[in-house]
Amino acid sequence: MERKNKLVIGLFSLTGCEGCYFAILDLTKEFIALGNKVEIKNCRLFEEDVHLEDEKYDVAFIEGSPLTTANRETVKRIRRNSKLVVALGACSCLGGIYHIKEYHDKAKIFNHVYHKDVGIENFDVQTLEQLIKVDHKIPGCPVNGREFMRFVYGLLVGKKIKSVQNPVCYECQMRGYECLLQKGQVCLGPITFGGCEAICLKSKQGCWGCRGLVKDAEVSNLIKKLREKYSDKEITKYLEVFGIKEQINNL
Amino acid sequence: MKTIQINHLGKTEGHMSFVGALVNNDFAEARIETEEGARLIEGILLNRKFYEAPIITARICGICPIVHNLTCIKALEKAENVQVTEEIVVLRKMLINAQFIHSHALHAFFLAFPDIVGISNNFDFVKKYPKECNLALEMRDFAVELSRIIGGRTVHPINSVIGGFNVEPEFSELEKLMLQLPEALKKAQILFNFAAKQKLPEFVRPTNYVCLKDKKEYAIYDGEVLFDDNNKLITPEKFLLDVKELVRPYEKVKRVQHLDRSIMVGALARVNNNFKQLHKVAQESWLKTQKERPCYNSFFNTYAQIVEILHCFKEIEKYFIQYKKLRTKPGFFGRLKVEFKVRAGRGCAVMEAPRGLLYHEYELDNEGKIVYSNIISPTTIFLNNLEDDLKSYLPQIQKLTDKKQVQLIKTLIRAYDPCISCATH
């Protein structure tokens with residue numbers, strides 16, 4: 001069915017790996033089909049025309065970290081011109097792995113890479129929400145492409161799909177994967193917001209919380225369990241990788 | 001003095017702009033400016049545990065996370081003196097070949113090819129060439145699916161770790177997918193023939209083609225570094241003796257030079273240097289478009305990528321047969337992961353990424369904490385060569401209309417398949 005006024009979707013990416021867009025593009029046929037139902041704008045990997053952020057969008061998806069002055073200005077313009085803004089992926093939801101910089105000596109890290117002051121911006125890593133109002137978050141590193149699709153198709157029928165607040169543990173057990181926590185490994189599954197289909201656990205990789213904290217997460221229970229085998233210093237390292245530590249500190 | 005500026009060049013991985021100026025009739029300046037922020041990946045690895053590195057470095061790039069993950073793993077295995085089994089190597093080679101196919105397919109058919117047929121928006125491209133696009137997508141899907149089965153996920157692999165693989169890739173899925181390989185290869189051949197019918201811009205500039213060389217096979221996973229200007233082979237450990245990474249003021253991306261000169265890496269470098277080791281079907285295809293070797297026309301990088309797609313399918317076929325045999329031997333499951341004791345050490349590794357040589361180097365202390373890291377990505381290596389090409393190309397096209405000039409510059413830049421995310425890690 002061809003709609004007269006198609007929903008206008010903007011796909012924006014700031015500094016990052018663009019992996020979230022590949023997670024969506026890799027659904028190839030579904031992505032092409034979506035292109036027929038909605039108007040996709042600013043998909044840099046798909047079109048050459050530059051759409052200034054000053055065009056109007058029904059929904060703007062923003063992926064990546066606002067790490068340059070230009071990035072920061074862009075997100076503010078997108079906000080002004082969009083009805084809905086969705087933070088896409090761990091970078092915009094939590095700060096992404098680059099956030100690790102915040103836990104170490106920032107100058108030392110910078111000098112290791114560039115050896116000297118060469119006039120390059122080195123902002124603190126911020127989430128999208130610290131800069132603009134965000135209406136919805138689709139977390140994950142990378143996102144689960146199907147979650148993105150569900151959200152867009154929901155909007156097409158006039159619903160703002162809310163993600164169900166289940167921990168990764170729930171999705172893991174449902175699929176019958178082996179519990180790594182029971183085996184004595186570090187897994188943040190009990191406190192992490194599900195929706196990833198426990199994909200890491202399928203490959204026996206403990207959850208490191210790339211989707212952030214689930215609502216009402218029982219953090220202290222998990223820490224207590226982890227302390228049986230690990231020092232606080234070791235546990236903290238795991239909490240830092242995707243930035244779930246920050247969320248715990250803010251509880 | 002006439003200047004040409006292209007802001008926010010689309011259809012490349014990462015963000016960049018181009019500035020060029022024709023100084024006189026046969027001399028031009030050209031510069032690529034990157035617009036990614038500083039992520040400082042090498043810096044944030046410091047003081048982190050070694051097992052975080054393959055997970056963190058995969059996130060350098062969403063299009064080629066597998067090769068970052070694997071190169072990082074190889075470097076760490078060298079530092080830790082981990083000897084992996086034949087089973088692990090074969091699986092890794094299947095994984096990296098899958099990475100080549102889906103990265104190349106995306107670039108060749110959806111980022112570079114629309115340039116060749118003069119279409120700027122891919123949704124229009126899909127409408128005009130529905131059959132070819134479908135073939136390209138279906139062919140790419142094979143590789144995406146293979147990376148999912150072996151790596152655990154399509155973007156940012158999970159299953160591939162230091163010492164091998166956490167779990168055995170679901171064999172029934174693998175077997176079922178392999179049944180589709182002949183069909184996927186056929187699609188790739190049809191696409192190559194379609195692509196070969198198009199005319200690429202003429203351009204010649206000899207340069208130094210650099211890639212891995214392995215006596216046994218077309219080198220991707222392993223080998224020594226070959227510099228074609230002097231036919232010299234060097235080990236990964238000696239790679240940085242003559243190759244230097246330069247930091248320039250106000251530039252987030254570093255530049256790489258070999259003895260003060262630019263070098264070229266990537267599909268064209270590999271096809272030029274290792275042509276005889278390509279599978280027959282790939283060799284024959286290449287010869288349909290280009291008789292001379294080395295081919296000094298950088299626009300042909302896109303054809304070289306499609307030729308590699310054909311080659312990679314044949315490689316996957318070969319490795320799967322090998323893998324199937326290994327799988328029937330007793331003790332197979334125990335050989336998918338090698339245990340090791342953490343020690344202090346230093347190691348580096350070079351692997352071919354879809355865009356060319358990728359270098360990772362790490363030093364660990366005796367607790368397995370990373371105390372040094374260095375990553376050099378292919379786009380960093382070829383950026384100077386791209387600028388040298390542009391400098392030489394601008395005077396040649398000065399008589400054309402501005403619009404046509406801009407189009408050709410974009411086409412040349414995109415033919416390189418630059419990945420600015422990788423370059424500004």
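Please read these numbers as outputs of a predicted model, since none were measured by experiment.

A. Local environment of the overall build of chain B. A tally of helices and strands in chain B yields 15 helices and 14 strands. Referenced to the eigenvectors of the C-alpha coordinate spread, the extents of chain B come out at roughly 70 × 50 × 40 Å. Per-residue burial for chain B yields a buried fraction of 55% across its 425 residues. Restricting to contacts in chain B with at least 6 residues of sequence separation, those with at least 24 account for 72%.

B. Structural view of the sheet that holds strand 8 (residues 232–234) of chain B. All names here are of chain B. Taken in spatial order, the 4 strands of this open sheet run 8-7-6-11, and their pairing is mixed. Every other strand in the sheet has two partners, leaving strand 8 and strand 11 (263–264) as the edge strands with one partner each. Relative to strand 8, strand 7 (residues 224–227) is paired through 3 bridges, and the arrangement is antiparallel. Along strand 8, the bridge assignment pairs Leu226 with Leu233. Along the sheet, helix 10 (residues 267–274) contacts strand 6 (208–213), strand 7 and strand 11; its crossing angle with strand 6, the most-contacted strand, is approximately 75°.

C. Structural view of the nonpolar core. By size, the foremost hydrophobic cluster in this structure holds 210 residues, and its most contacted members are Ile62(A) and Val210(B). Among the domains, domain 1 (8–156) and domain 2 (168–249) of chain A are the pair contributing at least three residues each to this core. Other than its neighbours up to four places away in sequence, Ile62(A) contacts Phe12(A), Leu14(A), Val75(A), Ile78(A), Val85(A), Ala87(A), Leu88(A), Ser92(A) and Leu128(A).

D. Just the sheet that holds strand 3 (residues 27–34) of chain B, in detail. Residue and element names in this part refer to chain B. With antiparallel pairing, 3 strands are arranged side by side in an open sheet as 1-2-3. Where the open sheet ends on each side, the last strands, each with one partner, are strand 1 (2–6) and strand 3. Averaged over all pairs of adjacent strands, the angle between strand axes in this sheet comes to 10°, irrespective of strand direction. As paired strands, strand 1 and strand 2 (residues 16–24) are joined by 5 bridges and run antiparallel to one another. Bridged to Gln5 within strand 2 is Val19. Of the strands in this sheet, strand 1 and strand 2 are in contact with helix 14 (residues 402–415), which crosses strand 1 at around 55°.

E. Representation of the environment of Cys64(B) within the structure. Residues and elements named next belong to chain B. Tracing the backbone through its elements, the reader meets Cys64 in the loop between helix 2 (53–58) and helix 3 (65–79). C-alpha of Cys64 to C-alpha of Tyr250: the two residues are 186 residues apart in sequence and 27 Å apart in space. Setting aside anything within four residues of it in sequence, one finds Cys64 in contact with Gln99, Ser103, Ala353, Pro354 and Cys422.

F. Structural detail: the interface of chain A and chain B. In this assembly, 50 residues from chain A lie in contact with 47 residues from chain B. Put simply, the parts of the chain that give the side of chain A that touches chain B at least two residues each are helix 1 (19–25), helix 2 (28–37), helix 3 (69–80), helix 5 (106–114), helix 8 (199–202) and helix 10 (232–241) of chain A. For the side of chain A that touches chain B, the residue count by class is 24 nonpolar, 14 polar and 12 charged.

G. Layout of the domain arrangement of chain A. All names here are of chain A. Its domain assignment divides chain A into domain 1 (8–156) and domain 2 (168–249). Just the C-alpha atoms count here: the centres of domain 1 and domain 2 sit 25 Å apart. Across the contact, 13 residues belong to domain 1 and 11 residues belong to domain 2. Here the side of domain 1 that touches domain 2 takes 3 residues from helix 4 (residues 89–94), the largest share from any one element. Residue composition of the side of domain 1 that touches domain 2, grouped by class: 8 nonpolar, 4 polar and 1 charged.

H. Here's a closer look at the environment of Glu102(A). Residues and elements named next belong to chain A. Position of Glu102 among the secondary structure elements: in the loop between helix 4 and helix 5. Take Glu102: there are 17 C-beta atoms within 10 Å of it, and that puts it in the partly exposed class. In this structure, the C-alpha to C-alpha distance between Glu102 and Asp124, residues 22 residues apart in sequence, is 7.0 Å. Excluding residues that lie within four positions of it along the chain, Glu102 makes contacts with Asp124 and Val125.

I. Focus on helix 3 of chain B. Residue and element names in this part refer to chain B. Helix length check: helix 3, at 15 residues, gives a terminal C-alpha distance of 21 Å against a target of 21 Å (1.5 Å per residue), a fit within 8%. Where burial is concerned, most of helix 3 is hidden: 14 out of the 15 residues are buried. Once helix 3 finishes, Asn81 follows within two positions and takes phi at roughly 55°, a positive value.

J. The arrangement of the confidence of the model for chain B in detail. Put simply, chain B has an average pLDDT of 94, and 100% of its residues get 70 or more. Two numbers describe this predicted complex: its pTM, 0.96, and its ipTM, 0.94.

Calculation criteria
- Residues numbered from 1 in each chain as written.
- Chains lettered and ligands numbered in written order.
- Predicted model: local features only at pLDDT ≥ 70, side-chain atom pairs only at ≥ 80, totals over all residues.
- Helix = DSSP H or I, 4+ residues; strand = E, 2+ residues; numbered from the N terminus.
- Buried ≥ 20, exposed ≤ 12 C-beta atoms within 10 Å, placed from the backbone.
- Contact = placed C-beta atoms within 7 Å.
- Pairing = 2+ DSSP bridges.
- Axes fitted to C-alpha atoms, helices over the stretch in contact; angles between N-to-C directions.
- Core = buried A, V, L, I, M, F, W, Y, C linked by C-beta atoms within 7 Å.
- Domains from an automatic or database assignment.
- Nonpolar A, V, L, I, M, F, W, Y, C, P; charged D, E, K, R; others polar.
- Expected span 1.5 Å × (residues − 1).
- pLDDT = per-residue confidence, 0-100.

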